[in-house]
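Understanding the architecture of this molecule
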Amino acid sequence: MQVDKKTLHQVAHLARLNIKPEEETQLLNDMSEILTWVGKLDELDTEGVEPLTHMTEEVNVFREDKAEISMSQEQALKNAAVKDSKFFKVPKVLK
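These notes cover the structure that comes with them. Because the structure is a prediction, the values reported are computed rather than measured.

1. A few points about the packing of helix H1 (residues 5–14) against helix H2 (residues 24–39)
Interaxial distance between H1 and H2 falls to 10 Å at its minimum, and their mutual angle equals 90°. Relative to H2, the element H1 lies roughly perpendicular. For the pair formed by H1 and H2, the contact residues are Lys5, Leu8, His9 and Val11 on the first element and Glu24, Leu27, Leu28 and Met31 on the second. For the contact of H1 with H2, the residue count by class is five nonpolar, one polar and two charged.

So, in structure tokens, the structure goes:
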């Protein structure tokens, strides 16, 4: 499948990409190759194959969400590089 410049620019607009004129040719070729490769999937016989919603049969296994104390504040601060009574002290990250 061939992609024209109009389609390329529509996709770029939707993806909020700025395409330089010197990049157009390479992107057109790349998009055409990708669509050709994906088009090969049409050759597969999928008759009787159920659509997948997950890649495995596994079901999410979540633990019960319950509040519990796993360590004391003192234990948590034990190896802190710098602390201020009950809190970790860290360098300011906002300016």
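Having seen it, we continue.
2. Topic: a nonpolar patch on the surface
On the surface, Ile34, Trp37, Val38, Leu41 and Leu44 cluster together into a nonpolar patch covering about 540 Å² of accessible area. Tracing the sequence through the fold places Val38 in helix H2.

3. So, H2
With 16 residues, H2 should cover 22 Å at 1.5 Å per step; its first-to-last C-alpha distance of 22 Å lies within 8% of that length. For H2, the set of buried residues is Glu24, Leu28 and Ser32. End-on view of H2: buried residues confined to an arc of 65°, all on one side of the axis. In H2, those exposed residues whose orientation departs by more than 90 degrees from the buried face are Glu33, Ile34 and Trp37. Those residues of H2 hidden inside the fold are in contact with H1.

What counts, and where the lines are drawn
- Residues numbered from 1 in each chain as written.
- Predicted model: local features only at pLDDT ≥ 70, side-chain atom pairs only at ≥ 80, totals over all residues.
- Heavy atoms only, no water.
- Axes fitted to C-alpha atoms, helices over the stretch in contact; angles between N-to-C directions.
- Helix = DSSP H or I, 4+ residues; strand = E, 2+ residues; numbered from the N terminus.
- Parallel < 35°, antiparallel > 145°, perpendicular 65-115°, else oblique.
- Contact = heavy atoms within 4.5 Å.
- Nonpolar A, V, L, I, M, F, W, Y, C, P; charged D, E, K, R; others polar.
- Patch = residues over 30% accessible without salt bridge, like charges linked within 9 Å, V, L, I, M, F, W, Y side chains within 5 Å.
- Areas by Shrake-Rupley, 256 points an atom, 1.4 Å probe, with all protein chains shown as cover.
- Salt bridge = Lys/Arg side-chain N within 4 Å of Asp/Glu carboxyl O.
- Expected span 1.5 Å × (residues − 1).
- Buried < 20%, exposed > 50% of the residue type's maximum accessible area, 1.4 Å probe, protein only.
- Arc of directions from axis to C-beta.

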